[in-house]
Amino acid sequence: MRISEIVERFGGELEGDGSLEVRGIKGVEFAGPDDATFALDEKLLTSAEASPACCVIVSRGVRCSPAKTLIRCDSPNRYAADLLEFLHPTPALEPGVHASALVDESAEVAETASVGPHATVGRNCSIASGAQLMSCVSLGDDCAIGEDTVIHPNVTVYSHTRIGARVIIHAGAVIGADGFGYFPDAGGLRKWPHVGNVVIEDDVEIGANTCIDRAKFGTTLIERGAKIDNLVQVAHNCRVGRGAILAGQTGLSGSVVLEEGVTCAGQVGIVDHVTIGRGATLTAQTGAIADIAPGAVEFGMPSKPRRRALQEAAMLGFLAENRKTLRKLIRSADRG
Amino acid sequence: MRISEIVERFGGELEGDGSLEVRGIKGVEFAGPDDATFALDEKLLTSAEASPACCVIVSRGVRCSPAKTLIRCDSPNRYAADLLEFLHPTPALEPGVHASALVDESAEVAETASVGPHATVGRNCSIASGAQLMSCVSLGDDCAIGEDTVIHPNVTVYSHTRIGARVIIHAGAVIGADGFGYFPDAGGLRKWPHVGNVVIEDDVEIGANTCIDRAKFGTTLIERGAKIDNLVQVAHNCRVGRGAILAGQTGLSGSVVLEEGVTCAGQVGIVDHVTIGRGATLTAQTGAIADIAPGAVEFGMPSKPRRRALQEAAMLGFLAENRKTLRKLIRSADRG
Amino acid sequence: MRISEIVERFGGELEGDGSLEVRGIKGVEFAGPDDATFALDEKLLTSAEASPACCVIVSRGVRCSPAKTLIRCDSPNRYAADLLEFLHPTPALEPGVHASALVDESAEVAETASVGPHATVGRNCSIASGAQLMSCVSLGDDCAIGEDTVIHPNVTVYSHTRIGARVIIHAGAVIGADGFGYFPDAGGLRKWPHVGNVVIEDDVEIGANTCIDRAKFGTTLIERGAKIDNLVQVAHNCRVGRGAILAGQTGLSGSVVLEEGVTCAGQVGIVDHVTIGRGATLTAQTGAIADIAPGAVEFGMPSKPRRRALQEAAMLGFLAENRKTLRKLIRSADRG
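Residues numbered from 1 in each chain as written. Chains lettered and ligands numbered in written order. Predicted model: local features only at pLDDT ≥ 70, side-chain atom pairs only at ≥ 80, totals over all residues. Heavy atoms only, no water.

Let's talk about the overall build of chain A
When helices and strands are counted, chain A shows five helices and 38 strands. The C-alpha atoms of chain A give 26 Å as radius of gyration, which overshoots the globular expectation for 336 residues (20 Å, by more than 25%). C-alpha extents for chain A along the principal axes are approximately 85 × 65 × 30 Å. For chain A, the residues scored as buried account for 58% of the 336 residues in total. When contacts within chain A are restricted to residue pairs at least 6 apart in sequence, those whose partners lie at least 24 apart make up 16%. (Helix = DSSP H or I, 4+ residues; strand = E, 2+ residues; numbered from the N terminus. Rg over C-alpha atoms; globule rule 2.2 N^0.38 Å. Buried < 20%, exposed > 50% of the residue type's maximum accessible area, 1.4 Å probe, protein only. Contact = heavy atoms within 4.5 Å.)

Some points on the packing of helix α4 (residues 306-321) of chain B against helix α5 (residues 323-335) of chain C
Two elements in contact, α4 of chain B and α5 of chain C, have axes whose closest approach is 12 Å; the angle formed by their N-to-C orientations is 10°. Looking at the two axes, α4 of chain B sits roughly parallel to α5 of chain C. Seen from α4 of chain B, the contacting residues are Q311, M315, F318 and L319 of chain B; seen from α5 of chain C, they are R323, L326, R327 and I330 of chain C. Partitioning the contact of α4 of chain B with α5 of chain C into residue classes produces five nonpolar, one polar and two charged. (Axes fitted to C-alpha atoms, helices over the stretch in contact; angles between N-to-C directions. Parallel < 35°, antiparallel > 145°, perpendicular 65-115°, else oblique. Nonpolar A, V, L, I, M, F, W, Y, C, P; charged D, E, K, R; others polar.)

Some words on the relation of the copies chain C and chain A
For the match of chain C to chain A, the screw axis carries a shift of 0.0 Å, the RMSD comes to 0.1 Å, and the turn is 120°. Considering both components of the superposition, the chain copies are consistent with a three-fold axis. (Least-squares fit on C-alpha atoms with pLDDT ≥ 70 in both.)

Examining the interface of chain C and chain A
Listed as interface residues are 60 residues of chain C and, on the opposing side, 57 residues of chain A. When chain C packs against chain A, the two sides together hide about 4600 Å² of surface, and 65% of this comes from carbon and sulfur. On the chain C side of the contact with chain A, F180, F217 and M315 of chain C bury the most area, a combined 14% of that side's loss. Linking chain C to chain A there are five salt bridges. (Buried area = accessible area lost by both parts, 1.4 Å probe. Salt bridge = Lys/Arg side-chain N within 4 Å of Asp/Glu carboxyl O.)

Topic: the sheet that holds strand β5 (residues 69-73) of chain B
All names here are of chain B. Here five strands make up an open sheet; going across it, the order is β1-β5-β4-β3-β2 and the pairing mixed. Where the open sheet ends on each side, the last strands, each with one partner, are β1 (13-15) and β2 (24-25). Taken together, the two bridges between β2 and strand β3 (residues 35-39) define a ladder with parallel strand orientation. Bridging from a neighbouring strand, G24 pairs with D35 of β3. Contacts from helix α1 (residues 3-10) reach β1, β4 (55-59) and β5 within the one sheet, and its direction differs from that of β5 by about 5°. (Pairing = 2+ DSSP bridges.)

A short note on the packing of aromatic side chains
Where two aromatic rings form a pair, the distance of their centres and the angle of their planes describe that pair. One pass over the full model with this rule turns up 21 aromatic pairs over all chains. Judged by centre distance (6.2 Å) and plane angle (50°), the ring pair of F38 of chain A and F217 of chain C falls under tilted. Of the two residues, F38 of chain A sits in strand β3 (residues 35-39) while F217 of chain C sits in the loop between β24 (211-213) and β25 (219-222), which places them in two different chains. For F38 of chain A, a relative accessible area of 12% gives the class buried. Note on F217 of chain C: relative accessible area 4%, which makes it buried. (Phe/Tyr/Trp six-rings, centres within 6.5 Å; stacked < 30°, edge-to-face > 60°.)

Some remarks on the sheet that holds strand β13 (residues 138-139) of chain A
Residue and element names in this part refer to chain A. Strands sit in the order β7-β10-β13-β16-β19-β24-β27-β30-β33-β36 across an open sheet of ten strands; the sheet is parallel. At either margin of the open sheet sits one strand with a lone partner, and together these are β7 (102-103) and β36 (287-288). Bridge count for strand β19 (residues 174-177) against strand β24 (residues 211-213) is three bridges, and the pairing is parallel. Across the sheet, I175 pairs through a bridge with I212, a residue of β24.

Structural notes on the domain arrangement of chain A
In terms of domains, chain A is made up of domain 1 (3-87) and domain 2 (97-306). Its C-alpha centre places domain 1 of chain A at a distance of 37 Å from the equivalent point of domain 2 of chain A. (Domains from an automatic or database assignment.)

Observations regarding the interface of chain A and chain B
The interface is formed by 60 residues belonging to chain A together with 56 residues belonging to chain B. Each partner contributes to the roughly 4600 Å² buried at the junction of chain A and chain B, and carbon and sulfur atoms together form 65% of this total. The salt bridge involving R308 of chain A is made with E321 of chain B; its shortest N-O contact spans 3.4 Å. Put simply, chain A and chain B have 28 residue pairs in polar contact (both at pLDDT 80 or more) between them. The set of elements that each furnish at least two residues to the side of chain A that touches chain B consists of β19, β20 (182-185), β21 (188-191), β24, α4 (306-321) and α5 (323-335) of chain A. Grouping the amino acids of the side of chain A that touches chain B by side-chain chemistry returns 28 nonpolar, 23 polar and nine charged. (Polar contact = N/O pair within 3.5 Å; in protein donor to acceptor, adjacent residues only side chain to side chain.)

Details of the pairing of strand β4 (residues 55-59) of chain C
The element β4 of chain C is largely enclosed, with a buried count of five among its five residues. Handedness of the strand β3 (residues 35-39) of chain C-helix α2 (residues 42-50) of chain C-β4 of chain C crossover: right-handed. (Right-handed = clockwise from strand over helix to strand, strands pointing away.)

Quick word on the side chain of H194 of chain C
Residues and elements named next belong to chain C. Inspection of the secondary structure assignment puts H194 in the loop between β21 (188-191) and β22 (197-200). Among the residues examined, H194 registers a relative accessible area of 8% and is labelled buried. In this structure the side chain of H194 is engaged in a polar contact, spanning 3.0 Å, whose partner is the side chain of H236. Aside from chain neighbours lying at most four places away, what touches H194 is D178, G179, F180, G181, R214, A215, K216 and H236.

Looking at helix α1 (residues 3-10) of chain A
All names here are of chain A. Of all the positions in α1, only I3, I6 and V7 are classed as buried. Along the axis of α1, the buried residues cluster in a sector spanning 95°; they form a single face. Among the exposed residues of α1, those oriented more than 90 degrees off its buried face are E8 and R9. Here the buried face of α1 lies against β1 (13-15), β4 (55-59), β5 (69-73) and α3 (76-87). (Arc of directions from axis to C-beta.)

Topic: the confidence of the model for chain A
In the predicted model, chain A carries a mean pLDDT of 95, and 100% of its residues have values of at least 70. The ipTM assigned to the predicted complex is 0.96, against a pTM of 0.97. (pLDDT = per-residue confidence, 0-100.)

Focus on the pairing of strand β20 (residues 182-185) of chain C
Residues and elements named next belong to chain C. Sheet topology places β20 next to β21; four bridges connect them, and they run antiparallel. Across the sheet, the residue bridging to D185 is G188, located in β21. Taking the residues that link successive antiparallel strands as the turn, the β20-β21 hairpin has two residues, and the phi of A186 there is positive, at about 50°.

Considerations on the pattern of salt bridges
Following the criterion strictly, the structure yields 57 salt bridges over all chains and no others. Notably, a salt bridge pairs D178 of chain A with K191 of chain A, separated by 2.8 Å at the nearest N-O pair. You can see D178 of chain A sitting in the loop between β19 and β20 and its partner K191 of chain A sitting in strand β21, a full 13 residues away along the chain. Here D185 of chain B ties to R190 of chain B by a salt bridge, and the two come within 4.0 Å at their closest N and O atoms. Three or more residues joined by partner-sharing salt bridges are found here, namely R78, D82 and E85 of chain A together with D185 and R190 of chain C.

Overview of unusual backbone geometry
Look at the link from M301 of chain A to P302 of chain A: it is a cis peptide, with omega at -5°. Phi at Q267 of chain B takes a positive value of approximately 60°, unusual for a residue other than glycine. If you trace the backbone, Q267 of chain B turns up in the loop between β32 (263-264) and β33 (269-270).

Considerations on the environment of G266 of chain A
Residue and element names in this part refer to chain A. Its location among the elements puts G266 in the loop between β32 (263-264) and β33 (269-270). Counting along the chain gives 129 residues from G266 to V137, while the straight-line C-alpha distance between them is 27 Å. For G266, the residues in contact, after removing those within four places along its chain, are A247, G248, T250, A284 and Q285.

Remarks on the packing of α5 of chain A against helix α5 (residues 323-335) of chain B
One way to put it is that α5 of chain A packs onto α5 of chain B with a least axis distance of 10 Å and a crossing angle of 90°. Accordingly, the angle class assigned to the pair α5 of chain A and α5 of chain B is roughly perpendicular. Across from T325, L326 and L329 of chain A in α5 of chain A, the residues of α5 of chain B making contact are L326, L329, I330, A333 and D334 of chain B. For the contact of α5 of chain A with α5 of chain B, a count of residues per class yields six nonpolar, one polar and one charged.

Some words on a negative patch on the surface
Judged by side-chain charge, E5, E8, E21 and D34 of chain A come together as a negatively charged surface patch. Note on placement: E21 of chain A falls in the loop between β1 and β2 (24-25). (Patch = residues over 30% accessible without salt bridge, like charges linked within 9 Å, V, L, I, M, F, W, Y side chains within 5 Å. Areas by Shrake-Rupley, 256 points an atom, 1.4 Å probe, with all protein chains shown as cover. Lys, Arg positive; Asp, Glu negative; His and termini not counted. Charge placed at Lys NZ, Arg CZ, Asp CG, Glu CD.)

What about the state of the cysteines?
All told, the structure shown has zero disulfides over all chains when counted by the stated rule. In this structure C55 of chain B is not part of a disulfide, and its nearest cysteine sulfur, from C54 of chain B, lies 5.9 Å away. For the unlinked cysteine C211 of chain B, the closest cysteine sulfur is that of C211 of chain A, found at 9.9 Å. (Disulfide = S-S within 2.5 Å.)

Listed below in structure tokens is the structure:
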């Protein structure tokens, strides 16, 4: 594809030789002489200029000497993403229900939806137009799947789950299993029946082998645009707010609330009934055992403001280095 | 259902108007005017009384002014659970082997058991009466599944696994994969053949995407009534004692022993060959690197008694606050 | 099997009565009077001698009084593993494509390979001789599976994944799902198209329900002989070096590099773009937030050399014990 053709199709302003052929678009470290790359700021642009790439997609505002062909646009990220999606289209399943799939006769499957091989769809389910259930997906009774939602292979969705539009659920995820709740009874533990459900709003993405448990009563809710990585645990009755980000192996105990825009880095844990305020960030492996204020940046277990946690870590290092003096000080104070 | 009908069926003593209709039973925060709710103690009863619920299930001993209709019983939890199971019956699979399932001819499947769509059952397996294997479950050779055990979709059970009665295994769990063991050989790592198995006793529940590895020799044992949450790792040759509770994302290394009634909160880790004494509790994210005494409550990594760990955390905070004074003290002690 | 027959078949030198019958080979704690056991050093040999086992496999160099029949060999581990594999042969799937499997007509499946029940194989895949795909495995388009590789049930392999020879992938693992990357766009988060892939070299083993994400650009690479346990997360663009060991529930963020022979114990976390030097060890639950030198042994979050981390822990314990004196010291320094 010529650079000039790219600009014709995707917009932006061309600076330099538009007749060059571009074979792909790659990050700066990956780009070869036939590739376009992209740069968000002047620092990245320096790397982009130094790379073998023949073309750089840059923001309109960035100053640069046009040693390579440039495409100037409002958002190089969006431009690159658009171009990547165009060059690497995702092959969709063929519409329709595969002959080996089992769809209950009470279920409604839109004509343009597809149900893949060896999938099962329970009673009273509805699958909206453009939705895709890949191989070996299991859908319980009374589930609803929104438009253009994609459910990858070997995902299990328990009954009464409602999933919005343009949701992506990666392979092996389990949505709507019973929450983890018991009470002592007759010398053992009796299971609490979990009669709530899971609701996943539009534009959510859920990672591979992630588990989202159904509510005890009411709903475990994943709000619009939240992004959840692989192997994450979301327990019964949690609410994950709009646009929240949960990185890999994070775990939310029961009834945790993440307000809008919360970020949990990898392996974060939050104990039950804790609320994390709007826009707060929990850095990697943090353990939250009490509510966190909006906008806070927390670290450690138990979590504290990151700055304070780093001060404490530095203090501990200093004390360990001076341990002989400190021991002497304490001993002499004890004596006298 | 009228409250009087509930009492007729489930027992307990009615106080107040039994003619009211109840549509469901819900937790205090979820109950509407048509719902019954339940309360274990006087504090919860206050919330229950303040809720819109038309009926409250309470212990016989609790004092209360009958502003709402009450059902008095020995255990409100049990009463509520019984009622919930009655109102929300789990639809069972139809008995029999689904046409798309593959059951080896040497396997014995009880008449009232069901093997769901696209499930596979290996040689010499036995599946007892009332047991259910849902869609895409894979059962290796020589496995035994007890009465009324339910295995949710996409679960894999490796060969030689023995599972008791009334066990619940949630979707995506993997039972009996090889333990993680290698030895250096010929410039690389050689895999230890794992020729042991997994035994799961009666009344165990295993969460979604949880993994329980087979033993190297002998048995990885999950004892009666243990409850294991989602995404938990139980390595080769562990023994999880009766009634133990393992919350989400907990990990047990090889040959760990949890004695009866141990509780591991979320994201707990235990290194290999450690024994956790009867009734001990490891709080969230704790890392146990040595044996823990019966009844202990531990916290931190490396774990220590929770009270001590909190003292240390407080001490560190105090030192960080007084870091200037402390540095001065140490400097002057060094000088003189 | 007589001990003399074992020696005939597997080599080694017999000391003592070779006419005894051996029924199995077991670890020292598991061996009965009909079993052989094995011992690597003199200490283990003492246990082996004390066990009921009728035969002990030992290194040539170990001194011992032949109270039991001995087999002397170069490597008791290797000898035992060879013998175990002989006594417990893994039943292979029958070669060929199962009638219920769906293999795209453009895929090439070697004659001796097997594709199990309800498996699906996408366009342009190649499956080499001796490879086994078990039930409900899903293989995307353009995947290559090497010789004698075994993929257990319910594994999902996304498109463009390349898997070498003699690889073992345990049940429920997900290979090649999209990496976790977004950018802010139009009031929400836009997904980065992930157009890279995953390459798994020869002799790798991957645990149950482990997730290895595809690269954003380029390749997420698992090098020859690396061993990965259950429930591990390997994010986009990581490189896991030759012979690296990742224990259960470890998580690598994006673009992490583990050089050759790195060991991560259980529940280790590594933040993005960090490099762990050749042969380094991260002990359980360690969190690495910066590069680690080759050969280092690290502990804690943030990680530090294990020895230093233990000093700091000891120091903190000492301070907590002497907290009264310390508070007094600081108060009087503040005053004076």
